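# Commentary on secondary and tertiary structure
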Amino acid sequence: MNTLLLLAYLNAYLTTARHHVRERVHDDVGASTLELVIIILGLIGVAGVLVVAITAAVQRRVDQIT
C-alpha cells in the first residue's frame, strides 16, 4: 500500500476520532496554566538528564581515544 495513502487514511481516522471525543466531552477547556507549567518543567528535567547522559558518554569515548 502506498505510504502517502496510508498516512492520509490514518490522519482522517485520527481527525474523526478527535471529533467524536470532543462531541462527548463538551466542557473540556484544555490544560490549566499549572498543568502546563508542570509538564514543561518535567520536559526540561528530562532534557537536562539526557544532556548529562550524552555528555558523559561522549566524554568517556574521548578519553578512550587519547
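Quick look at the overall build of the protein chain now. Helix and strand content of the protein chain: two helices and zero strands. Whereas a compact globule of 66 residues would reach a radius of gyration of roughly 11 Å, the protein chain reaches 21 Å, over 25% beyond that. For the protein chain, the residues scored as buried account for 0% of the 66 residues in total. Taken as a whole, the protein chain presents about 6,400 Å² of accessible surface, with 69% of it coming from carbon and sulfur. Where the 5 positive side-chain charges of the protein chain centre and where its 5 negative ones centre are 12 Å apart.

The topology assignment puts Q64 in helix 2 (residues 33-65). In the structure, Q64 is positioned 57 residues away from L7 in sequence and 44 Å away in space, judged by C-alpha atoms.

A word on a nonpolar patch on the surface. A cluster of nonpolar residues, L36, V37, I39, I40, L41, L43 and I44, forms a patch on the protein surface that exposes about 660 Å² of accessible area. Overall, L41 belongs to the exposed group, its relative accessible area being 56%.

Moving on to the environment of L36. Counting through the fold element by element, L36 comes out in helix 2. L36 gets classed as partly exposed once you look at its relative accessible area, which sits at 42%. In sequence terms L36 and A57 are 21 residues apart; their C-alpha atoms lie 31 Å from each other.

Inspection of the secondary structure assignment puts A31 in the loop between helix 1 (3-24) and helix 2. For the pair A31 and Q64, spaced 33 residues apart in sequence, the C-alpha to C-alpha distance is 47 Å.

About the cut-offs
- Residues numbered from 1 in each chain as written.
- Predicted model: local features only at pLDDT ≥ 70, side-chain atom pairs only at ≥ 80, totals over all residues.
- Heavy atoms only, no water.
- Helix = DSSP H or I, 4+ residues; strand = E, 2+ residues; numbered from the N terminus.
- Rg over C-alpha atoms; globule rule 2.2 N^0.38 Å.
- Buried < 20%, exposed > 50% of the residue type's maximum accessible area, 1.4 Å probe, protein only.
- Areas by Shrake-Rupley, 256 points an atom, 1.4 Å probe, with all protein chains shown as cover.
- Lys, Arg positive; Asp, Glu negative; His and termini not counted.
- Charge placed at Lys NZ, Arg CZ, Asp CG, Glu CD.
- Patch = residues over 30% accessible without salt bridge, like charges linked within 9 Å, V, L, I, M, F, W, Y side chains within 5 Å.
- Salt bridge = Lys/Arg side-chain N within 4 Å of Asp/Glu carboxyl O.

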